[in-house]
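Fold and contact review
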Amino acid sequence: MNNFIISVDGPAGSGKERISKYIAKKYNFFHLDSGILYRRFTKIILEKKINLKKNSELAKLIKNISSLSAKNHKTLRTENISKFSSIIASKLIVRKFINEQQKIIIKKALKTYKGAVIDGRDIGSKVFKDANIKLFITVSAEIRAKRRHKQLLQLGEKSIYAQILRGIKLRDYKDKNRKESPLIMHKEAILIDNSNSFTKTIRKINAILAKV
Ligand code: CDP
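Let us look at the structure shown here. Counting restarts for each chain, with residues numbered from 1 along the sequence as it is written. Thresholds applied to this predicted model are a pLDDT of at least 70 for local features of residues and 80 or more for the giving and counting of side-chain atom pairs; totals over whole chains, interfaces and linings are not thresholded and use all residues. Heavy atoms from the whole structure form the basis of all side-chain values; hydrogens and water molecules are not counted.

A short note on the site of the ligand
Rules: Throughout, near means a residue has at least one heavy atom within 4 Å of the molecule or strand. In protein, a polar contact requires one atom able to donate a hydrogen and another able to accept it; more generally it is a pair of N or O atoms within 3.5 Å, and residues adjacent in sequence count only if both atoms are side-chain atoms. Surface accessibility follows the Shrake-Rupley procedure with a 1.4 Å probe radius. Residue values consider only the protein chains on display as shielding. Helix and strand assignments follow DSSP, with helices taken as H or I runs no shorter than four residues and strands as E runs no shorter than two, numbered in order from the N terminus. In this classification, Asp, Glu, Lys and Arg are treated as charged, Ala, Val, Leu, Ile, Met, Phe, Trp, Tyr, Cys and Pro as nonpolar, and every other residue, Gly included, as polar.
Not every one of the 19 residues close to the ligand is listed here, only the nearest: K16, R39, R95, R171 and D175. R171 places a polar side-chain atom, nitrogen or oxygen, 2.8 Å from an oxygen atom of the ligand. Relative to its unbound accessible area of 520 Å², the ligand is 95% covered by the protein chains. For the shell around the ligand, the secondary-structure elements that each account for two or more residues are α2 (34–47), α4 (79–88) and α8 (161–177). Examining the composition of the shell around the ligand, we find that four residues originate from one element, α2, more than from any other. For the shell around the ligand, a count of residues per class yields four nonpolar, six polar and nine charged.

Quick look at helix α9 (residues 198–210)
The cut-off we apply is this: Under the convention used throughout, the expected extent of a helix is 1.5 Å for every residue step, that is, one less than its residue count. Exposure is judged per residue with a 1.4 Å probe applied to protein chains only, and the accessible area is read against the type maximum: over 50% gives exposed, under 20% gives buried, and values in between give partly exposed. An arc is given here, and it is the one of the directions from the helix axis to the C-beta atoms. Whether two residues touch is decided by their heavy atoms; if any such pair falls within 4.5 Å, the residues are in contact.
Counted at 1.5 Å a residue, the expected span for α9 with its 13 residues is 18 Å, and the 18 Å between its end C-alpha atoms agrees. Of all the residues in α9, the buried ones are T201, I202, I205, I208 and L209. Angular distribution of buried residues about the axis of α9 spans 120°; they occupy a single face of the element. Residues of α9 that are exposed and angled more than 90 degrees away from the buried face: T199, R203 and A210. The inward-facing, buried residues of α9 contact β1 (4–9), α1 (16–27), β4 (133–138) and β5 (190–193).

Topic: the nonpolar core
Worth spelling out the cut-off: The definition of a nonpolar core used throughout is a set of buried Ala, Val, Leu, Ile, Met, Phe, Trp, Tyr and Cys residues joined through side-chain atoms within 4.5 Å.
Counting 26 residues, the largest nonpolar core has I5, F41, I98 and I106 as the members making the most contacts within it. For this core, the elements supplying multiple residues, two or more each, are α2, α3 (55–63), α5 (92–109), β3 (115–120) and α6 (123–127). The element contributing the most residues to this core is α5, with five residues. Look past the residues within four positions of I98 in its chain and what remains in contact with it is L37, Y38, F41 and L68. Counting 15 residues, the second-largest nonpolar core is a separate cluster that includes I23, F29, I192 and I208.

Description of the pairing of β4
Stated precisely, the cut-off is as follows: When DSSP finds two or more bridges between two strands, those strands count as paired.
Most of β4 is tucked away, with five of its six residues classed as buried. As paired elements, β1 and β4 share four bridges and run parallel to each other. Bridge assignment links I6 to a residue of β4, and that residue is I133. Across four bridges, β4 lies against β5 in parallel orientation. Bridge pairing links I137 to I192 in β5.

Comments concerning α8
For α8, spanning 17 residues, the distance from its first C-alpha to its last is 24 Å, which sits close to the expected 24 Å at 1.5 Å a residue. Among the residues of α8, I164, L165, I168, R171, D172 and D175 are the ones counted as buried. Relative to the axis of α8, the buried residues are bounded by an arc of 130° and lie together on one face. Those residues of α8 that are exposed and angled more than 90 degrees off the buried face are R166 and Y173. Buried residues along α8 sit in contact with α2, α4 and α7 (141–154).

Remarks on the sheet that holds β1
So the rule is basically this: Lines fitted to C-alpha atoms define the axes here, with helix axes fitted over just the stretch in contact, and angles between the N-to-C directions of these axes take values from 0 to 180 degrees.
A sheet is described by the order of its strands in space; here five strands give the open sequence β2-β3-β1-β4-β5, paired in parallel fashion. The sheet is open, and its two edges are formed by β2 (30–33) and β5, each paired on a single side. For this sheet, the mean inter-axis angle between neighbouring strands, taken without regard to orientation, is 20°. Here α1 sits on the sheet in contact with β1, β2, β3 and β4, set at roughly 175° to β3.

With respect to the side chain of D122
Of note, D122 is situated in the loop between β3 and α6. Given the relative accessible area of 2%, D122 is considered buried. Ignoring sequence-local partners within four residues, the contact set of D122 consists of D9, R95, N99, V127 and S181.

Here it is, written out as structure tokens:
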């Protein structure tokens, strides 16, 4: 098993990250959460007050960033960043930049690791089309909102379930209906329903991986 790529795509809050981390740990693979790159770039845009309507401003910003860190940080997980990231992610110039960043990160990682697990929206359908295994995670919007709501309360943040649900549905809509790399299940992808317990999901995943 060398240069082995597993893509894990799915909508917001479907548990892609936890699943990806589990697989990466099991096989000692590198894990990249591509959403973090979108979130980090969104944070920079908001801080620098870049005018999104002006592609030239975005292009200038991109030119000045040599590399984007994929390191997670709790300041990247706010509802504001979540909301803006799906708007910013609809821009072709941004997607091109982040896709390049992903390729650079994975190329470097594969010098040390035998494989990589990458989670996102378009990993199996666009960025790593040749992925050896493509997973697509699904969970109803209501269950995802309930989980997110609980998580925010645990973090001590204010949360209103109805608002979280609305936010998730809006992000789903934006991710599925954008022109560039919409969230779609690739024909080669294996559908994993993550509505039940993590243990049940992992059982399904292990059954798939055992055939490899
Ligand atoms: O963690 P969660 O599922 O809520 O979102 P995320 O994976 O951190 O992604 C944040 C936003 O970036 C999403 O709403 C997408 O619009 C965008 N994204 C994308 O367009 N393509 C990817 N490969 C990953 C994220």
